[in-house]
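Structural description and commentary
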Amino acid sequence: QVQLVESGGRLVQAGGSLRLSCAASGRTFSSYIMAWFRQAPGKEREFVAAIRWSDGNTYYLGSVQGRFTISRDNANNAVYLQMNSLKPEDTAVYYCAAGRTPVTIARAASYNYWGQGTQVTVSS
């Protein structure tokens, strides 16, 4: 059974940094795209970043490019999202997702597995 478990979300001041973690288990993910999405209250789930497990290619939402970095740890089957220069508009529940390739990177429906989410709150 595939499990994705996020951690690392908390309250942080604007300009601060956080690192989110996603522990993946239940299968090998070499043929998968791993992604982070976020959902703010009253808004649709939004793509943030993705990484292709096989070659490490990365993809980002334009508004987080240069501030966020997605990475993977093959040995520990984990995916990370380093978030710097956080802004109040980054406040949301952040979800880890896994989709077997090929996927439409920014389309939530393309992903097969989801974690339960972790809350990130950025105060101004």
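In this report, the structure presented in the accompanying data block is examined. Per chain, residue numbering runs from 1 following the sequence as it is written. It should be noted that, the model being predicted, local features are given only for residues of pLDDT at least 70 and side-chain atom pairs only at 80 or more, the latter also being counted only at that level, while totals for whole chains, interfaces and linings use all residues. Side-chain metrics in this entry use all non-hydrogen atoms of the structure; hydrogen atoms and water are not considered.

1. Looking at the state of the cysteines
By disulfide we mean two sulfur atoms from cysteines, separated by a distance within 2.5 Å. Scanning the entire structure with this criterion turns up one disulfide. Disulfide pairing places Cys22 opposite Cys96 at an S-S distance of 2.1 Å. The sign of the S-S torsion, about -75 degrees, decides the handedness of the disulfide formed by Cys22 and Cys96: left-handed. In this pair, Cys22 sits in strand 3 (residues 18-25) while Cys96 sits in strand 9 (residues 92-100), placing the two residues 74 residues apart along the sequence. Per residue, the accessibility class of Cys22 equals that of Cys96, and both read buried. Secondary structure elements follow DSSP: runs of H or I no shorter than four residues count as helices, runs of E no shorter than two count as strands, and numbering proceeds from the N terminus. With a 1.4 Å probe rolled over the protein chains alone, any residue whose accessible area is under 20% of its type maximum counts as buried; one over 50% counts as exposed, and the rest are partly exposed.

2. Here we look at the side chain of Arg38
Examined against the element boundaries, Arg38 turns out to sit in strand 4 (residues 32-39). When its relative accessible area of 6% is taken as the criterion, Arg38 is described as buried. Pairs of N or O atoms within 3.5 Å make up the polar contacts considered here, provided that, within protein, one atom can donate a hydrogen while the other can accept it, and that residues adjacent in sequence are counted only when both atoms are side-chain atoms. There is a polar contact of 2.9 Å between the side chain of Arg38 and the side chain of Asp90.

3. What to know about the pairing of strand 1 (residues 3-7)
Residues Leu4 and Glu6 of strand 1 are buried on one face, while the alternating residues Gln3, Val5 and Ser7, pointing to the opposite face, are not. Pairing between strands is defined by DSSP: at least two bridges between the two strands are required. The sheet contact formed by strand 1 and strand 3 spans five bridges and is antiparallel. Residue Val5 lies in a different strand from strand 3, and its bridge partner there is Ala23.

4. What to know about the nonpolar core
If you look at soluble globular proteins, the nonpolar side chains tend to sit buried side by side. To form a nonpolar core, buried Ala, Val, Leu, Ile, Met, Phe, Trp, Tyr and Cys residues must be joined to one another through side-chain atoms within 4.5 Å. Core analysis: the biggest nonpolar cluster contains 29 residues, and Phe29, Met34, Trp36, Leu81, Met83 and Tyr94 have the highest contact counts within it. Every element with two or more residues in this core is listed here: strand 3, strand 4, strand 5 (46-52), strand 7 (68-73), strand 8 (78-83), strand 9 and strand 11 (118-123). Apart from residues no more than four positions distant in its own chain, Met83 is found in contact with Gly16, Ser17, Leu18, Leu20, Arg67, Phe68, Tyr94 and Val120. Counting residues in hydrophobic clusters, the runner-up holds nine residues, among them Phe37, Phe47, Ala50 and Ile105. Note on contacts: a residue pair qualifies if any of its non-hydrogen atoms lie within 4.5 Å across the two residues.

5. Description of the pairing of strand 9
Summarising burial for strand 9: eight of the nine residues are buried, a large majority. Bridge count for strand 4 against strand 9 is eight bridges, and the pairing is antiparallel. Considered in strand 9, the bridge of Tyr32 is made with Arg100. Two strands pair when backbone bridges link them, and strand 9 and strand 11 are joined in this way by three bridges, in the antiparallel orientation. For Val93, the partnering residue across the bridge sits in strand 11 and is Gln119. Both strand 9 and strand 10 (residues 113-114) contribute to a ladder of two bridges, which runs antiparallel. Note on strand 10: the bridge partner recorded for Ala97 is Trp114.

6. Some points on unusual backbone geometry
Omega for the bond connecting Thr101 with Pro102 falls within 30 degrees of zero, at 0 degrees, which places this linkage in the cis form. Structurally, Pro102 is set in the loop between strand 9 and strand 10. Phi is positive for Asn77, close to 50 degrees, though the residue is something other than glycine. In this fold, Asn77 is placed in the loop between strand 7 and strand 8. The backbone phi angle of Ser85 is positive, close to 50 degrees, even though this residue is not glycine. Note on placement: Ser85 falls in the loop between strand 8 and strand 9. Residue Ser85 is classed as partly exposed on the basis of its relative accessible area, which comes to 42%.

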